[in-house]
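One-letter residues, chain by chain:
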Amino acid sequence: MRASWNIRLVLGLVTLGGCVDRQEKRLDERQEETEVAMVDHSQDALAMRQALVKGQREEAMAALDRLRARLPLKVLSPKGHLAQKEFITADTLAATSPDLPSLAQSYGAMLQACGECHRSTGVRVEVALPAPAAPDSPTVARMAVHGQASQAMVMALVAADEPAFVQAAAILREASLVPDGLDPSGTLPPMAIETGVRLGDLAAQAGSAEGRHGELMGEILSTCASCHSLAGRGGG
C-alpha cells in the first residue's frame, strides 16, 4: 500500500509540475502579446497628439480610428480589463467630437485613463524629460524643446507620473516664444502672442491641477494648434 501511495504522490507532483509549466508559458505568451499590442496602441496615441498639435483634425481622427479598431485589447490581465472600460468610454466620446478643441479634450481624458490602467496593473512607463531651453536659445531650438516637453507631458499622463507631468509642463513654459507676453523676434501676429501667453498660463497650472491633468493637456494641445495656425507654422 505504501508503494502504491508513493507512486500516486509522484504522479501527482509530476502532473502539478506540468500544470505550473503550462500556466507559466501562458503567462509569458500573454506578456509578449500585451507588449506587442501596447506598442501599436502607443504609436496610434502619439500620432493623435502630433496631429492635434498641428491642427490636423482629420489625421487625428484617422489615428483614433486605428486605435479604436484594436479595442478591446484581449491580452490584458483581469485588472487591466476593468481599467480598459474607462479608456473605451473616453475614446468613444472622442469619436463623436465635432471639432478639434473637443477632440483634444477627449484625448486628454483618454491619456488619463491610460495612466489609471497602467497604475492599476503595475505597468511602469518611462518618461524622457527634455533638457530645458537655454535663455539665449534661437526660435528653432526653443520650439524643439517645446514639442519635446509636450510629448513628455503626454507620456507622463500615460505613465500616471504626476511629478514628471509637472516637470515637463515647467519646461514647456520656459521654452515659450513670448516670455512675459513679448515677442523678441517681432515676427508673430498679435493673436499668436496672445495664444502663446495662454499656453504659458496653462502650463503654469500643472502644479496645482492634480486630478485635472488630462483636461489641462487637452487645452494645451488645442492651444498649440491655434498658435501654430495663427503663426503659420506646423508644430510637431
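The structure presented is a predicted model; accordingly, all values stated were derived computationally and were not measured. (Residues numbered from 1 in each chain as written. Predicted model: local features only at pLDDT ≥ 70, side-chain atom pairs only at ≥ 80, totals over all residues. Heavy atoms only, no water.)

A.B. asks: Would you explain the packing of helix 2 (residues 57-69) against helix 4 (residues 100-121) in this entry?
C.D. replies: In a packed pair of helices, the relevant descriptors are the angle between the two axes and the axis-to-axis distance. Between helix 2 and helix 4, the shortest axis-to-axis distance is 11 Å and the interhelical angle comes to 35 degrees. With respect to the hand of their crossing, helix 2 and helix 4 are arranged in left-handed fashion. Between helix 2 and helix 4, the residues in contact are R57, A60, M61, L64 and L67 and L100, L103 and M110, respectively. Here the residues of the contact of helix 2 with helix 4 are counted per class, giving 7 nonpolar, no polar and 1 charged. (Axes fitted to C-alpha atoms, helices over the stretch in contact; angles between N-to-C directions. Helix = DSSP H or I, 4+ residues; strand = E, 2+ residues; numbered from the N terminus. Left-handed = near helix turned anticlockwise from the far one by under 90°. Contact = heavy atoms within 4.5 Å. Nonpolar A, V, L, I, M, F, W, Y, C, P; charged D, E, K, R; others polar.)

A.B. asks: Is there a simple way to think about the pattern of salt bridges in this case?
C.D. replies: Side chains carrying opposite charge are able to pair once their charged atoms draw close together. If you walk through the whole model with that rule in mind, you get 7 salt bridges. Of the charged contacts in the structure, one is a salt bridge between E116 and R119, with a shortest N-O distance of 3.2 Å. Residue E116 and its partner R119 are located together in helix 4, separated by 3 residues, close to a single helical turn. In this structure, E215 engages R212 in a salt bridge whose closest nitrogen and oxygen atoms are separated by 3.4 Å. Under the relative-accessibility criterion, R212 is labelled partly exposed at 35%. Here the salt bridges share partners, and the residues they tie into one network are D40, D44, R66 and R70. (Salt bridge = Lys/Arg side-chain N within 4 Å of Asp/Glu carboxyl O. Buried < 20%, exposed > 50% of the residue type's maximum accessible area, 1.4 Å probe, protein only.)

A.B. asks: Hey, could you run me through the nonpolar core in this one?
C.D. replies: Generally speaking, nonpolar side chains in soluble globular proteins are found buried as a group. M217 and I220 are the most contacted members of the largest nonpolar core, which has 54 residues in total. Those elements that place two or more of their residues in this core are helix 1 (2-53), helix 2, helix 3 (78-94), helix 4, helix 5 (139-158), helix 6 (162-174), helix 7 (190-204) and helix 8 (213-231). Those residues within four positions of M217 in sequence are excluded, and the remaining contacts are L111, S150, M153, V154, L157 and F165. Counting residues in hydrophobic clusters, the runner-up holds 5 residues, among them L177, V178, L188 and A192. (Core = buried A, V, L, I, M, F, W, Y, C linked by side-chain atoms within 4.5 Å.)

A.B. asks: Even after reading the chapter, I still don't get the side chain of S137, so can you show me in this structure?
C.D. replies: Secondary-structure assignment places S137 in the loop between helix 4 and helix 5. Side-chain polar atoms of S137 contact the backbone oxygen of A134, separated by 2.8 Å. (Polar contact = N/O pair within 3.5 Å; in protein donor to acceptor, adjacent residues only side chain to side chain.)

A.B. asks: Would you mind going over the packing of helix 3 against helix 4 with me for this structure?
C.D. replies: Close contact between helix 3 and helix 4 brings their axes to 8 Å; oriented N to C, the two are set at 180 degrees. Looking at the two axes, helix 3 sits roughly antiparallel to helix 4. Contacts between helix 3 and helix 4 involve K79, G80, A83, E86, F87, A90, D91, L93 and A94 from the first element and L103, S106, A109, M110, A113, C114, C117, S120 and T121 from the second. (Parallel < 35°, antiparallel > 145°, perpendicular 65-115°, else oblique.)

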